Amino acid sequence: MKMLCLSPAAPQLKPELLAKIAAALNADGSRILILSKPLAQRAQIFSHGLQPRTSTPIERNSLWQNILYPPATTDRSFSLDPAPPEPLVQVYPVDNVSQQPELALLLTAFQSVGIESLLILPLRYDRQCVGCLTLFRSVTLKQDSRWTKDELQLAQSLAMQMYLAVMQQRIEQMIRDRAYYDLLTGLPNRIFLNQWLTLALAKMPSAGEVLAVIFLNLDKFKNINDRLGHWVGDRLLQLIAERLVRMGIGIANRGGLDSQAPIQQANAALKRAQNNGKNSYEIYTVAPLSAVGTPAVEHRLQLENMLDRVCAGLACRAAGIAVGKFNDQKLLLYYQPQIDTQTGKMIGVEALLRCQDIHAKIINPANFITLAEETDAIIQIGEWVIRAACQQKKLWQELGLGDFPIAVNFSVKQLQDRNLIDTIVTILAETGLSPAMLEVEITESMAIEDLDLTIAILASLREIGVKISLDDFGTGYSSLAALKYLPLDRLKIDRSFIRELRANTVDAGIVRTIVNLGHELNLNVIAEGVETVEQFEFLRSINCDAVQGFLFSRPLAASDFESMMITQTNDRHQNIFYPHS
């Protein structure tokens, strides 16, 4: 079959081009969906020739949706036979529409106009999908409706050329659109970089060329802003825009098809360069990390790269963009019950953040959260935690599984976020969860870092009905005068006082004093880290209101926690949370 070589410009992505494609592939009709580009509002559909008779775009059907936005797994819910991945575009032939289960709702629309078979081609490079081309065939006396190997190969080539044309058009539009440039320096921004890099990788030949991504770093720039003012910092950025500073370099070749890979590699190389002192550079290498630096430094680099992927995934979800490889690391919430010491009933649950790496291994929460706080990523992650916890709590409420609040931990960076209150109000409205069902936990040291700000933020939270808990009480340096002004509902005794807790010990005296203090201030008191019956019995004897710890349950995944609650609800004879020696 003769190859049809096209390099369409923007005006050609319309019926004239579709007519040529249909003729080249012996199709009776063709249509193309161009997905909305960044900052645009709506997608576009152009068609030619024979079309299904339906008022709703066929691309909304699950068959097309699974192709445009493939699930995380490689399995397909439809039995198509895609061609090999080269040249990067997969083709999805359907030789008989009546035998395709996912087309059942569209069968009348196809059969009423005589459409017998389909050919679907996503306009995609790696996970950057810009649209979809669909071809239709009817049964005629002149041809078989099935697609030949040569036709599938031609279709692949055409789809790749159309993808490049759409991307080229978008790049040219970015050049004209100031939204893709930094207004201060005039340099292209990250949105422009991602689009350009994807196109550049797609155009790279199979061998002989490489592409480099460079990350630059300016040391102690924050000090300029803090000491001399932001206008001086802005001017400095303009002056150094063309000068070289420390850098990290990531090299991409034809095998690295993901546009994010060279960016992440360059970022990792930059972190290494920062450890080498001033005016240095590092080139990313896939050599074992232990050969490049100390284990502690390299472990931090791995965490930082992982954190970048997590934040990028959250940003993609917020923007409604397919997550793609950012989903290699997953944020999770685990749940631990809080138990009334007198009744043994669950009176609350704490949501605890966890993160899985690409091997589904849980990363040490302390390391992960500390780094997130240092890099300000905790703002994004904290918002995700609040939303996920509220959604889960609302689901459990609808299932009739307890009417108690769910607690989430706050970072000092979250308290300093000027959008915090609006964010929580929005999440509660979106999830339909009552504010009284949400409890926020702040640490004692966090509360006294900026006492006036803390009081103002907590007062705003109390005003909308959210409960407040002071975590790790006894480990900080807050005075009773400061404690008096904090709008609190509950004190949490730090686990360090519970670990060696026995009657007639110093820890016992401290815990007894904290319980009495909390009750004098009309606060509920809960002890965390309870692991033995002896600890529980002592806490119950001094009227500590609630407890939390491994004695009752380790933090559990949502499904396991739900099963535990169902068991408790169905057990009418014995409370499963009441410990027995």
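Structure: above.
First, a word on what this report is: a plain description of the structure on this page. Remember, predicted model here, so these are calculated numbers, not experimental data.

What to know about the sheet that holds strand β15 (residues 524–528)
- Taken in spatial order, the 8 strands line up as β9-β10-β11-β12-β13-β14-β15-β16 and close into a barrel, and their pairing is mixed. With strand direction ignored, the average angle separating the axes of adjacent strands in the sheet is 30 degrees.
- Pairing of strand β9 (residues 330–340) with strand β16 (residues 546–548), which is carried by 2 bridges, proceeds in the antiparallel orientation. Residue pairing in the sheet places Asp340 in a bridge with Ala546 of β16.
- Together, β9, β10 (346–356), β11 (406–409) and β12 (438–443) form the strand contacts of helix α11 (residues 378–398), whose direction differs from that of β9 by roughly 55 degrees.

Some thoughts on the packing of helix α13 (residues 420–431) against helix α15 (residues 451–463)
- At their nearest, the axes of α13 and α15 sit 10 Å apart, and the two run at 20 degrees to each other. Comparing the axis directions of α13 and α15 gives the class roughly parallel. For α13 against α15, the interelement crossing comes out right-handed. Along its contact with α13, which presents Leu420, Ile421 and Ile424, the element α15 presents Ile457, Ser460 and Leu461.
- The class makeup of the residues in the contact of α13 with α15 is 5 nonpolar, 1 polar and no charged.

Some thoughts on the sheet that holds strand β1 (residues 29–34)
- Here we have 5 strands laid out as an open sheet, ordered β2-β1-β5-β4-β3, and antiparallel in their pairing. Lying at the two open borders of the sheet, with one neighbouring strand each, are β2 (44–49) and β3 (92–94). Strand-to-strand, the axes of this sheet are offset by a mean angle of 10 degrees, without reference to chain direction.
- As paired elements, strand β4 (residues 115–125) and strand β5 (residues 128–138) share 10 bridges and run antiparallel to each other. Residue pairing in the sheet places Ile115 in a bridge with Ser138 of β5.

Topic: empty space enclosed by the protein
- The tally for this structure, following the rule as stated, stands at 2 cavities of 30 Å³ or more.
- The volume enclosed by the largest cavity comes to roughly 40 Å³.
- Lining the largest cavity are Val412, Leu415, Gln416, Met446, Glu449, Asp450, Leu453 and Thr454.
- Within the residue set of the lining of the largest cavity, elements represented by two or more residues are α12 (412–415), α14 (444–449) and α15.

Quick look at unusual backbone geometry
- Positive phi values are uncommon outside glycine, yet Asn522 reaches one of about 60 degrees.
- Summarising the element assignment, Asn522 is placed in the loop between α17 (506–520) and β15.
- Backbone geometry at Asn543 places phi at a positive 65 degrees, although glycine is not the residue there.
- Along the chain, Asn543 falls in the loop between α18 (533–541) and β16.
- Among the residues examined, Asn543 registers a relative accessible area of 49% and is labelled partly exposed.

Re the pairing of β11
- Pairing between β10 and β11: 2 bridges, direction parallel. Bridging from a neighbouring strand, Val349 pairs with Ile406 of β11.
- The sheet contact formed by β11 and β12 spans 4 bridges and is parallel. Pairing of Val408 across the sheet is with Val440, part of β12.

Overview of the pattern of salt bridges
- Scanning all chains against the criterion turns up 12 salt bridges.
- One salt bridge connects Glu151 with Arg137, and the closest N-O pair in it is separated by 2.6 Å. With Glu151 in helix α4 (residues 149–176) and Arg137 in strand β5, this residue pair connects regions lying 14 residues apart in the sequence.
- Close ionic contact of Arg490 with Glu439 constitutes a salt bridge, the shortest N to O distance being 3.0 Å.

Overview of the nonpolar core
- Residues Ile381, Phe410, Leu461, Val511 and Leu539 are the most contacted members of the largest nonpolar core, which totals 79 residues.
- Not counting chain neighbours up to four residues away, the residues in contact with Leu539 comprise Ile498, Leu501, Val511, Ala527, Val530, Cys544 and Val547.
- Formed by 45 residues, the second largest nonpolar core is a distinct cluster that contains Leu25, Leu135, Leu158 and Tyr163.

Considering the environment of Met162
- Mapped onto the fold, Met162 is located in helix α4.
- A relative accessible area of 3% means that Met162 is categorised as buried.
- Once the C-alpha coordinates of Met162 and Gly131 are considered, the two residues, 31 residues apart in sequence, prove to be 9.3 Å apart.

Some points on the packing of aromatic side chains
- Throughout the structure, instances matching the rule amount to 6 aromatic pairs.
- An angle of 70 degrees between the planes, with centres 5.0 Å apart, marks the rings of Tyr335 and Trp396 as edge-to-face. Taken as a pair, Tyr335 in strand β9 and Trp396 in helix α11 lie far apart in primary sequence, 61 residues in all. Of the two residues, Tyr335 and Trp396, neither departs from the other in class, the shared state being buried.
- Through successive ring pairs, a cluster of aromatic residues spans Tyr335, Trp396 and Phe561.
- The ring of Trp147 carries Arg137 above its face, with NZ or CZ at 3.9 Å from the centroid.

Each value, and the rule that gives it
Residues numbered from 1 in each chain as written. Predicted model: local features only at pLDDT ≥ 70, side-chain atom pairs only at ≥ 80, totals over all residues. Heavy atoms only, no water. Pairing = 2+ DSSP bridges. Helix = DSSP H or I, 4+ residues; strand = E, 2+ residues; numbered from the N terminus. Axes fitted to C-alpha atoms, helices over the stretch in contact; angles between N-to-C directions. Contact = heavy atoms within 4.5 Å. Parallel < 35°, antiparallel > 145°, perpendicular 65-115°, else oblique. Left-handed = near helix turned anticlockwise from the far one by under 90°. Nonpolar A, V, L, I, M, F, W, Y, C, P; charged D, E, K, R; others polar. 1 Å grid on protein atoms, 1.4 Å probe; cavity = no way out; pocket = protein on both sides within 12 Å on 5 of 7 lines; lining within 4 Å. Points joined across faces, edges and corners; volume = space filled by probe spheres on them. Buried < 20%, exposed > 50% of the residue type's maximum accessible area, 1.4 Å probe, protein only. Salt bridge = Lys/Arg side-chain N within 4 Å of Asp/Glu carboxyl O. Core = buried A, V, L, I, M, F, W, Y, C linked by side-chain atoms within 4.5 Å. Phe/Tyr/Trp six-rings, centres within 6.5 Å; stacked < 30°, edge-to-face > 60°. Lys NZ or Arg CZ within 6 Å of the ring centre and 35° of its normal.

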